[in-house]
Amino acid sequence: MGEAKRKKRLRAQLLEDNPVCIYCTASSETVEHMPPVIMFTRRQRPKGLEFASCEACNGGTKHADLVAAYIGRSMMQASGEAETEDLLAILQALRNNLPDLLLEMRPSPDQLTIAERELAGQKVLNVGGPLAAGFMRQFAIKLTFALYREISGRAVPESGGVLARWFSNYEARTGRVPPDVFQNLLPPRSLRQGTFDVSDQFAYSFEISPDGDFAR
Ligand SMILES: [Zn+2]
């Protein structure tokens, strides 16, 4: 069977097994990749973490994906040629689609002083503004819905809820992340396909109650 045909069959199977969108109550129509391919170097992403989603939930959050990719990938320390090219392409997409957000993310003089003093002059972004916060909240909530589906085997029910909080690497480096956030979590998981491993780019840890009703 050809690769395209195989993919089509897997996609049809996923939608048949999961007739309802994992994010809302609409019928599933598309395969959602969470985290999205834009988060990965050269858009190379192993299989896995693919979910049944409606068209609106899948396509309606492209801007949040773009912002999360920009902020997330700007935080990466080691940047090779591929990463730099990707970041420039993401930046161009932000210029085209969300110019106000780029203005908002320009660091203030005070933030530049802090970066100079505490981060050895490393490039910084101001992620404290309302636009960045809104997109990151949207992305974090979607990611949490998807990961809950992955670890529990079921979607968050209509009566359920998701609470998302995100931290920057500046907060992590300066001890502003509450220590209990990472306590009692299982060893991290990532995506892997054969020898193709992206644990240097993405990992998640969680804890889940025996009945699967609560997870973090
Ligand atoms: Zn939906």
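Since we're looking at a predicted model, the values are computed, not measured.

Visitor: Which parts of the structure should I look at to understand the overall build of the protein chain?
Guide: Check the secondary structure of the protein chain and you find eight helices and four strands. Scored against the burial criterion, the 216 residues of the protein chain give a buried share of 35%. In the protein chain, the share of contacts with a sequence separation of at least 24, taken over all contacts with a separation of at least 6, comes to 62%.

Visitor: Quick question: what am I supposed to make of the packing of aromatic side chains here?
Guide: Two aromatic rings, taken as a pair, are described by how far apart their centres are and by the angle between their planes. The tally for this structure, following the rule as stated, stands at four aromatic pairs. Seen from their ring centres, F40 and F202 are 6.4 Å apart, and the 75° between their planes marks the pair as edge-to-face. Residue F40 is found in the loop between β1 (30–33) and β2 (50–53), and its partner F202 is found in the segment after β4 (196–197); the two are separated by 162 residues along the sequence. Assessed through its relative accessible area of 1%, F40 is described here as buried. Taken together, F40, F202, Y204 and F206 form an aromatic cluster joined through their ring pairs.

Visitor: Would you mind showing me how to read the pattern of salt bridges here?
Guide: Evaluated as defined, the whole model comprises nine salt bridges. Across the pair E32 and K142 runs a salt bridge, and its minimum N-O distance is 3.1 Å. Of the two residues, E32 sits in strand β1 while K142 sits in helix α7 (residues 130–152), which places them 110 residues apart along the sequence. Across the pair, K142 and E32 agree in class, each one buried. R192 is paired through a salt bridge with D197; the nearest N and O atoms lie 2.8 Å apart. Judged by relative accessible area, which is 55%, R192 ranks as exposed. Judged by relative accessible area, D197 falls into the partly exposed class, the value being 28%.

Visitor: Please clarify how the coordination of the zinc ion should be interpreted in this entry.
Guide: In an ideal tetrahedron of four donors about a metal, each angle is 109.5 degrees. In an ideal octahedron of six donors, the angles are 90 or 180 degrees. Summarising the metal site, the zinc ion is bound by the protein donors C21 (SG), C24 (SG), C54 (SG) and C57 (SG), whose distances to it range over 2.3 to 2.4 Å. Here the zinc ion is ringed by four donor atoms whose angles at the metal span 100 to 115°, and the overall shape comes out tetrahedral. Written as a sequence motif, the donor arrangement for the zinc ion is C-x2-C-x29-C-x2-C. Taken together, the residues C21 in the loop between α1 (3–17) and β1 and C54 in the loop between β2 and α2 (55–59) connect sequence positions 33 residues apart.

Visitor: Looking at this structure, how should I read the nonpolar core?
Guide: Nonpolar side chains in soluble globular proteins tend to be buried together. Within the largest apolar cluster, 43 residues are counted, with the highest numbers of intra-cluster contacts made by Y23, V67, L94, L101 and M105. Breaking this core down by element, the ones donating at least two residues are α3 (62–74), α4 (81–97), α5 (99–104) and α7.

About the cut-offs
- Residues numbered from 1 in each chain as written.
- Predicted model: local features only at pLDDT ≥ 70, side-chain atom pairs only at ≥ 80, totals over all residues.
- Heavy atoms only, no water.
- Helix = DSSP H or I, 4+ residues; strand = E, 2+ residues; numbered from the N terminus.
- Buried < 20%, exposed > 50% of the residue type's maximum accessible area, 1.4 Å probe, protein only.
- Contact = heavy atoms within 4.5 Å.
- Phe/Tyr/Trp six-rings, centres within 6.5 Å; stacked < 30°, edge-to-face > 60°.
- Salt bridge = Lys/Arg side-chain N within 4 Å of Asp/Glu carboxyl O.
- Donors = N, O, S within 2.8 Å, 3.2 Å for Na, K, Ca; no water.
- Tetrahedral: all angles 85-135°; square planar, octahedral: opposite > 155°, others 65-115°.
- Core = buried A, V, L, I, M, F, W, Y, C linked by side-chain atoms within 4.5 Å.

Purely spatial values, then, with no claim about function.
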